[in-house]
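A closer look at the structure
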Amino acid sequence: MGIAEDRIKQYEKGNCEQDKVFYQAMEEVIYSIAPLLESDERYKQNSILDRLVVPDRIFKFKVVWMDDNQNIQVNTGYRVQFNNSLGPYKGGLRFHPSVNEGILKFLGFEQILKNALTGLPIGGGKGGSDFDPKGKSDFEVMKFCSAFMTELHKYIGPRIDIPAGDIGVGAREIGYLFGEYKKITSSYEGVLTGKPFMFGGSLMRPEATGYGTVYFTEKMLEIEGKESLEGKVCTVSGAGNVALHAIEKLQQIGAIPVSCTDSRGTIYDSRGVDLCLLKELKLEKRASLKEYVKAHPEAKYIPVEDYPEGAHAVWDIPCYAAFPCATQNELNDIDAQNLIVNGCISVSEGANMPSTPKAINDFLSHKICFAPAKAANSGGVAVSEFEMSQNASMSKWGFEEVDDKLKVIMQQVCTRVALTAKDYGVEGNYVDGANIAGFKRVADAMIAEGI
Ligand code: NDP
Ligand code: 2IT
């Protein structure tokens, strides 16, 4: 039995349903880094893997708040502080009914390696709640955020742990969270990123993840000797922060994004999606995508229930490049086959772990250029770190300055991943390249810091 199988067997002893996504993320990393563990004794001698897969600590707390009908509601809040070898814990907060400890451990674990890949001084963490912002009034969201921060503030700080947004948490939520933190601590400090610009947010943070994913893809296609995205049809899933800004950047560089999705259905607009309308529907009205076809009857709306179970309509649209930007495991092996058969040559993960392990194997075995999440979507957290720098130095950087820095970082991450893959004999495999490069940086810091 090789080192990877041995370790996976050991960790699976404690496996439970909730932890499935965490084990999925961990297994991929363990397989990728097995050659490194075999070739460098230091990692085994220092039990790095055993130490890396256990979070430093997990806070789990009750959040009690009152809704608009004066009913008292109870949710669960979490913060997983995973690893701070490279810098303070850093990672988003997710508000979604599916949130549990297993999902946050998967996201926190990915975040450690993602943050390491940026080359910036940030450790890994993640948090959130099973609170569902959908259908809630602004006042209810504010009440929830205040109650959540009443507990969370005890564990965070600008040099300790700096949360940000993720699914269900955008500038509105971060604003309310910041307001409550300030009230409790009387301290005006950069304890959260993704803040609105007027009180310490960085320009370009809303755009950073989506733009960064496109910058990464352009560099990957260049390295792999493929045609650029200009003039090419692209498919995108999701209709939130990451998806809308990926669409925006694709349009700016002359590509033709033709799709987006939400949890209820898919929009396919073969002439290219109407981004102004999408922003109005999703960012202002928080409406369903179904509304899109009222303004564009020639576009198609495919409700989830109208598509054969087990596959997803968005990945059955012919495209040159695909950008899954919604959520974990939203692209499976059937979807991968559909993409490959329809001529797709590149898949870039804007979301965290959107492709299943089988789908990834299909992409790699068919030589599809595959940009894994921890590398391709690292632009969001990179600009979060820029926000921390601006807050710490009481300065403000311009839009172009941040955009230029983001572009450079995404190109550096891409090059680092590609070179690492080459060095370890798996040229073109960005999954192994990202896992090895990220792991090495954290592991070397852990060794240098001792136990
Ligand atoms: P948003 O909340 O802004 O948007 C999420 C989008 O995904 C919505 O369109 C939502 O549809 C859809 N979605 C969410 N859950 C599901 C589900 N279970 N099934 C189908 N569709 C779903 O989140 P973000 O755009 O910020 O995040 C999207 C992905 O990107 C996540 O994986 C996140 O972890 C990752 N990410 C985000 C970063 C950021 O900076 N925000 C940085 C790096 C990664 P609906 O509205 O109907 O629920
Ligand atoms: O998954 C992610 O990288 C994020 N949700 C952003 C984290 C951050 O701290 O900006």
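Here, every reference points to the structure presented above.
Residues numbered from 1 in each chain as written. Chains lettered and ligands numbered in written order. Predicted model: local features only at pLDDT ≥ 70, side-chain atom pairs only at ≥ 80, totals over all residues. Heavy atoms only, no water.

Regarding the site of ligand 2
Every one of the 14 residues lining ligand 2 counts as a neighbour, but K90, K114, D166, R205 and S384 are closest to it. Taking K126, its side chain carries an N or O atom lying 3.0 Å from an oxygen atom of ligand 2. Within the side chain of S384, an N or O atom sits 2.6 Å from an oxygen atom of ligand 2. Look at ligand 2: alone it shows 300 Å² of surface, and the protein chains cover 94% of it. Where the shell around ligand 2 is concerned, the elements lending two or more residues are β3 (89-95), α5 (101-117) and α15 (379-392). (Near = heavy atom within 4 Å. Polar contact = N/O pair within 3.5 Å; in protein donor to acceptor, adjacent residues only side chain to side chain. Areas by Shrake-Rupley, 256 points an atom, 1.4 Å probe, with all protein chains shown as cover. Helix = DSSP H or I, 4+ residues; strand = E, 2+ residues; numbered from the N terminus.)

Topic: the pairing of β3
β3 sits mainly inside the fold: seven of its seven residues count as buried. Sheet topology note: the β3/strand β5 (residues 161-164) ladder contains four bridges and is parallel. Each residue of the ladder has a partner; that of G92, found in β5, is A164. With three bridges joining them, β3 and strand β4 (residues 124-129) adopt parallel strand pairing. From the neighbouring strand, R94 faces β4, where its bridge partner is G128. (Buried < 20%, exposed > 50% of the residue type's maximum accessible area, 1.4 Å probe, protein only. Pairing = 2+ DSSP bridges.)

Points about helix α12 (residues 333-341)
Think of an α-helix as turning once every 3.6 residues; residues three or four places apart then point the same way. Here α12 has its buried residues at D335, A336, L339 and I340. Taken around the axis of α12, the buried residues stretch over an arc of 135°, which confines them to a single face. Here the buried face of α12 lies against β11 (321-323) and α13 (357-365). In this structure N332 caps α12, since a side-chain oxygen of it lies 3.0 Å from the backbone nitrogen of I334. (Arc of directions from axis to C-beta. Contact = heavy atoms within 4.5 Å.)

Let's talk about the site of ligand 1
The environment of ligand 1 is made up of 24 residues, and the closest members are K134, D166, T209, S263 and N352. Contact distances for ligand 1 include 2.9 Å between an oxygen atom and a side-chain N or O atom of R205. At 2.5 Å, a side-chain N or O of S263 approaches an oxygen atom of ligand 1. Bound to the protein, ligand 1 loses 82% of the 890 Å² it would expose on its own. Elements with a contribution of two residues or more to the shell around ligand 1: α8 (205-223), α9 (241-252) and β8 (259-262). Along the lines of polarity and charge, the residues of the shell around ligand 1 split into six nonpolar, 12 polar and six charged. (Nonpolar A, V, L, I, M, F, W, Y, C, P; charged D, E, K, R; others polar.)

Points about the sheet that holds strand β10 (residues 300-303)
If you walk across this open sheet you meet the three strands as β8-β9-β10, and the pairing is antiparallel. Pairing within the sheet leaves two strands with one partner each, and these edge strands are β8 and β10. Across the sheet, the mean angle from the axis of one strand to that of its neighbour is 15°, orientation sign disregarded. Inspection of the sheet shows β8 paired to strand β9 (residues 265-268) by four bridges, in the antiparallel sense. Residue pairing for β9: D262 is matched across the bridge by G265. (Axes fitted to C-alpha atoms, helices over the stretch in contact; angles between N-to-C directions.)

Quick word on the pattern of salt bridges
Within this structure, the stated rule accounts for 25 salt bridges. Measuring nitrogen to oxygen at the nearest pair gives 3.3 Å for the salt bridge that ties D19 to K105. Separated by 86 residues along the polypeptide, D19 in the loop between α1 (3-12) and α2 (20-39) and K105 in helix α5 bring together distant segments of the chain. Across the pair, exposure class does not vary: D19 and K105 are buried alike. Note that D138 is salt-bridged to R172, the shortest N-O span being 2.7 Å. In this pair, D138 sits in helix α6 (residues 138-152) while R172 sits in helix α7 (residues 171-185), placing the two residues 34 residues apart along the sequence. For D138, a relative accessible area of 45% puts it in the partly exposed group. Connected through shared salt-bridge partners, D40, R42, K440 and D444 make up one network. (Salt bridge = Lys/Arg side-chain N within 4 Å of Asp/Glu carboxyl O.)

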